[in-house]
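Remarks on the overall topology
Residue strings, one per chain:
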Amino acid sequence: GGGAGRGRGNGITSVHIPKGNTLAPAYQAPQVGQGRVMIDPNSHTKRQDMVSGVFRDFNPATMTVEEWGEIEYARMIETQTLQAQKNEEHAESESKLSSDDKDERERLKTSNWDDYKDENPRGV
């Protein structure tokens, strides 16, 4: 038997399509003679967004120049403090060395430099 939406045994299924457009389009063009034109209310905002996006700063600053200066100043003070400590430690170790130890260190330094020059001749 032939129920609603079924074929009559011939393998073809029929579907009922209502007349007219049941889905409303997002934008309908104005009818001729209507006298008014529909304008997208968001078009001005979209344009403004596009314009502002062209000239935006892609790498915005994360700190002010003053903040950067303070950080650099703190680094400088820390570096100077560490250097002063190293100089004090070096002077202290130098004062503990005897003259024979200083002479031996100087001899080793000269010997190492001579070996380096022999292994790496100039202009080769």
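The paragraphs below set out a description of the structure included in this document. Note that the coordinates shown come from a computational prediction; the quantities given were computed from them, not determined experimentally.

As for the overall build of the chain
- In terms of regular secondary structure, the chain is built from 3 helices and 0 strands.
- Listing each helix as α and each strand as β along the chain from the N terminus yields α-α-α.
- A burial count over the chain gives 1% of its 124 residues as buried.

Some remarks on the packing of aromatic side chains
- By the definition in use, this model includes 1 aromatic pair.
- Judged by centre distance (5.5 Å) and plane angle (20°), the rings of Trp113 and Tyr116 are stacked. Pair noted here: Trp113 and Tyr116 are both in helix 3 (residues 99-119), with a separation of 3 residues, about one helical turn.

Structural notes on the pattern of salt bridges
- Scanning all chains against the criterion turns up 4 salt bridges.
- Close ionic contact of Lys96 with Glu92 constitutes a salt bridge, the shortest N to O distance being 3.7 Å. Of this pair, Lys96 and Glu92 are both found in helix 2 (residues 65-96), 4 residues apart, which corresponds to roughly one turn of the helix.
- Since its relative accessible area comes to 47%, Glu92 is described here as partly exposed.
- Of the charged contacts in the structure, one is a salt bridge between Glu104 and Arg107, with a shortest N-O distance of 2.7 Å. A residue pair is termed a helical-turn pair when its members lie 3 or 4 positions apart in one helix, as Glu104 and Arg107 do in helix 3 at 3 residues.
- The exposure class of Glu104 is partly exposed, given its relative accessible area of 36%.

Considering a nonpolar patch on the surface
- On the surface, Met63, Trp68 and Ile71 cluster together into a nonpolar patch covering about 300 Å² of accessible area.
- As for its position among the elements, Met63 is in the loop between helix 1 (43-54) and helix 2.
- Relative accessible area serves as the criterion here: at 36%, Met63 is assigned to the partly exposed category.

Comments concerning the side chain of Glu94
- Relative to the assigned elements, Glu94 resides in helix 2.
- Non-local contacts of Glu94, meaning those with residues more than four positions away in its chain, are made with Lys102 and Arg105.

Reading guide: rules and limits
Residues numbered from 1 in each chain as written. Predicted model: local features only at pLDDT ≥ 70, side-chain atom pairs only at ≥ 80, totals over all residues. Heavy atoms only, no water. Helix = DSSP H or I, 4+ residues; strand = E, 2+ residues; numbered from the N terminus. Buried < 20%, exposed > 50% of the residue type's maximum accessible area, 1.4 Å probe, protein only. Phe/Tyr/Trp six-rings, centres within 6.5 Å; stacked < 30°, edge-to-face > 60°. Salt bridge = Lys/Arg side-chain N within 4 Å of Asp/Glu carboxyl O. Patch = residues over 30% accessible without salt bridge, like charges linked within 9 Å, V, L, I, M, F, W, Y side chains within 5 Å. Areas by Shrake-Rupley, 256 points an atom, 1.4 Å probe, with all protein chains shown as cover. Contact = heavy atoms within 4.5 Å.

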